[in-house]
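# Architecture at a glance
Chain residues, written in single-letter form:
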2 protein chains.
Amino acid sequence: MSERKPSTRPTIDDVASYAGVSIATVSRVINQTAPVATKTVERVQAAIENLNYQPQAAARTLAGRKTRTIGLLLPQIGGYFFFPMLQGIESGAHVDGYNLLIHSALSNPDPDQGEMPLALGEHNTDGLIVFAHSLSEKELRRLYDFGLPLVLLHQSPPEGLAIPNVTFENKDGARRIVEHLIEVHGYREIAILTGPEEHEDSYWREMGYLEALNAHGLVFNSALKLRGKFSPEIARLAVAGLLGTGVPLDAIFAADDESASGAMMALREAGLRIPEDVAVVGFDDTLLASHLTPPLTTVHAPIEQAGRVAISQLVRLINGEKTESVTLLPTELVIRKSCGCCSK
Amino acid sequence: MSERKPSTRPTIDDVASYAGVSIATVSRVINQTAPVATKTVERVQAAIENLNYQPQAAARTLAGRKTRTIGLLLPQIGGYFFFPMLQGIESGAHVDGYNLLIHSALSNPDPDQGEMPLALGEHNTDGLIVFAHSLSEKELRRLYDFGLPLVLLHQSPPEGLAIPNVTFENKDGARRIVEHLIEVHGYREIAILTGPEEHEDSYWREMGYLEALNAHGLVFNSALKLRGKFSPEIARLAVAGLLGTGVPLDAIFAADDESASGAMMALREAGLRIPEDVAVVGFDDTLLASHLTPPLTTVHAPIEQAGRVAISQLVRLINGEKTESVTLLPTELVIRKSCGCCSK
DNA sequence: TTGTACGCGTTATCAC
DNA sequence: GTGATAACGCGTACAA
């Protein structure tokens, strides 16, 4: 298959002469930036239609100093968490009339060491949504100082930077699900599978776990704190290791659904039944949760909504309107079977 | 939280005067488009560094007539299939130095009826990757006739349009997994859960199924053909319906992993064991497959690779190089437990 | 090896 | 309501 030669596209001048008006008028009907006579509008629109004209984005940006584009920076693409988030962000961006430019930080080497400057920034975006720790603090500061509108998803801003951030009521959700394990099922030996060290959501989920323990007079047993890193494989190994020690165990609170699935694997491999021998609960309520066997009791996190809110905050910022410095989205307990409820 | 005022960014002129050269020279060192004296290069680079200069994307595009951006058009964002694909596309695009603009067709109303023109197109991209049927044939034709480089993912081009397309060896993979059911396990009553009607991958998977049946002297029983639409819920209902009829059933070949998970649910709800009573196999080998209980025997499809190949084809097209009209990526049988193998 | 000057296609600011 | 025309920031002949 060989190349075809691109034809030349019509410009605003072509439209203007076709319609017998000036380019200024054409611009006016396109952008509705000033009143134009109805007849003229019709002629111009017909011209646009007939010539199949579409304004050149780059020229508009250059002249109008707006890219109409929002950038999204992610640590990496993948995981169950990712697509509802992207869904929210994409639809939100589109509703507000913005294009979405995506980059994963992995393919975006650290600008502190390497040469390559950030592919997303003030030169091609009106604002950025930064997920968790996809940007070094230094780079974040640079962009902030520059004045680029920024919103942080699932990360609070570095000291002194007034960047809006949106996340979940993690502590509250975690506390509630752990209390469910304690109050409804009477479990007392409850392990926790934490996420990555630096992950703030994980931190607050752990705090919620501790709070629930304390509220019910249970003492925290550090042997029951396992690092799951939001990864099924790592969680599986961690749980297998715990089971090897023979420590008594009633239930496992995994800080996300993926590590919960790893925990389930480990339990099953050890010949333990879920939830009869050990209960397992998660956090996030991703697609995975309902596909597991038994279906996972978890905390529903409004992931898609978070994406949408992040966009709306960013758009407000771009428009120079006031924004919330922190948005905490409520979570909700979702009872399925892995905790011991509803089992037959 | 209130607004901050954006500072003004340095231009190529600032860099030029800072370095004591002309803007042409600055442009040359940035784009390495002509030899420049080493000393000069150093001075310019220092200037760029000190001024924190980054070229304005819009201006480069306007002057150089290249957006350095690739557009990705999707029917909707979601499903397990989606991550690896996006991963491949994103990384591929980045490796080749392109930005990635994403749009889902859902938020992109049909331009044939509505007003809104396609948000992605010749005005803001150098080329487009179009997934399955996210674009009407008319719009596809328009873009093609215009000369915009186009690559189709999991869809063959409309009559007469020479657009490269990349997909899997669907028929072959389907045939192999169904033959596995027949030859290794001796199943004869094998149902199929197809995907959406118009989906080509699904069509070829069905063909592979039929081929396997024929090759082993089994006659196709139309009662065993169920529409799963690549959806767990729809598949679940379809299978439940089938079970209600009492038709004999040894195994189910689901045309994708998600419908396989739905089939499993239905079977379990009917009190049937997998694979002892009815075996289930899928297609794609997404994350889901290994998370199911029992782990799903399926056909591994190189989803991420398909994304990467699509990008490379598109880039070749953009560069005016020759491309493959069709790329068929090989699939591979992945034996887990849901077919009856490895069970203990 | 380097500099000058024009053009890329819009928006925005004036006048009329 | 409408029309000239000056930016916008950069690439790139063409000259030197």
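As a starting point, this report considers the structure included with it. (Residues numbered from 1 in each chain as written. Chains lettered and ligands numbered in written order. Predicted model: local features only at pLDDT ≥ 70, side-chain atom pairs only at ≥ 80, totals over all residues. Heavy atoms only, no water.)

With that settled, the discussion passes to the overall build of chain A. For chain A, the count of helices and strands is 12 helices and 12 strands. A compact globule built from 344 residues would reach a C-alpha radius of gyration of about 20 Å, whereas chain A, at 26 Å, exceeds it by more than 25%. Seen along its three principal axes, the alpha-carbon backbone of chain A occupies a region of about 85 × 45 × 45 Å. Looking at the 344 residues of chain A, the share that counts as buried comes to 54%. Once local pairs closer than 6 in sequence are excluded, the contacts in chain A between residues at least 24 apart make up 69%. (Helix = DSSP H or I, 4+ residues; strand = E, 2+ residues; numbered from the N terminus. Rg over C-alpha atoms; globule rule 2.2 N^0.38 Å. Buried < 20%, exposed > 50% of the residue type's maximum accessible area, 1.4 Å probe, protein only. Contact = heavy atoms within 4.5 Å.)

The next point concerns the protein's contact with DNA strand C. Contacts to DNA strand C come from 28 residues, most closely from Ile-12, Tyr-53 and Ala-63 of chain A together with Arg-28 and Thr-40 of chain B. Backbone sugar and phosphate groups make up 62% of those atoms of DNA strand C lying within 4 Å of the protein. Within the side chain of Ser-27 of chain A, one N or O atom sits 2.8 Å away from a phosphate oxygen of DNA strand C. One of the backbone nitrogen or oxygen atoms of Ala-63 of chain B is found 3.5 Å away from a base oxygen of DNA strand C. (Near = heavy atom within 4 Å. Polar contact = N/O pair within 3.5 Å; in protein donor to acceptor, adjacent residues only side chain to side chain.)

Both copies of the chain are related by one operation, a rotation about an axis with a shift along it. For the pair chain B and chain A, the relating rotation is 180°, the translation along its axis is 0.0 Å, and the fit reaches an RMSD of 0.1 Å. Expressed as an axis order, the relation between the two copies is that of a two-fold axis. Looking at chain B, 97% of its interface residues are interface residues in chain A too, so the copies touch through the same face. (Least-squares fit on C-alpha atoms with pLDDT ≥ 70 in both.)

The next thing to look at is the protein's contact with DNA strand D. Around DNA strand D sit 26 residues, and of these Thr-25, Arg-28 and Thr-40 of chain A together with Ile-12 and Tyr-53 of chain B come closest. Per the 4 Å cut-off to the protein, sugar and phosphate atoms form 63% of the nearby atoms of DNA strand D. In this structure, Thr-40 of chain A approaches DNA strand D through a side-chain N or O atom, which is 2.6 Å from a phosphate oxygen. Here a phosphate oxygen of DNA strand D sits 3.1 Å away from a polar atom, N or O, in the side chain of Arg-60 of chain B. Going through the elements one at a time, helix 2 (23-31) and helix 4 (57-64) of chain A together with helix 2 (23-31) and helix 4 (57-64) of chain B are the ones with two or more residues in the surface near DNA strand D. Take the surface near DNA strand D: its biggest share by element is five residues, from helix 2 of chain B.

Chain B puts 67 residues into the contact, and the matching count from chain A is 65 residues. Contact between chain B and chain A buries roughly 5,900 Å² in total, counting both sides, with carbon and sulfur atoms accounting for 56%. Remark: the boundary between chain B and chain A carries zero salt bridges. Scanning the region where chain B abuts chain A turns up 17 residue pairs in polar contact (both at pLDDT 80 or more). Elements supplying a minimum of two residues to the side of chain B that touches chain A: helix 4, helix 5 (82-95), strand 2 (99-104), helix 6 (137-146), helix 10 (257-269) and helix 11 (287-291) of chain B. As paired elements, strand 2 (residues 99-104) of chain A and strand 2 of chain B share three bridges and run antiparallel to each other. Within the sheet, the bridge partner assigned to Leu-100 of chain A lies in strand 2 of chain B and is Ile-102 of chain B. (Buried area = accessible area lost by both parts, 1.4 Å probe. Salt bridge = Lys/Arg side-chain N within 4 Å of Asp/Glu carboxyl O. Pairing = 2+ DSSP bridges.)

This part covers the side chain of Gln-155 of chain A. Residue and element names in this part refer to chain A. As for its position among the elements, Gln-155 is in the loop between strand 4 (150-153) and strand 5 (165-168). What makes Gln-155 buried here is its relative accessible area of 6%. Leave out the neighbours within four places in its chain, and Gln-155 touches Ala-132, His-133, Leu-140, Asn-165 and Glu-200.

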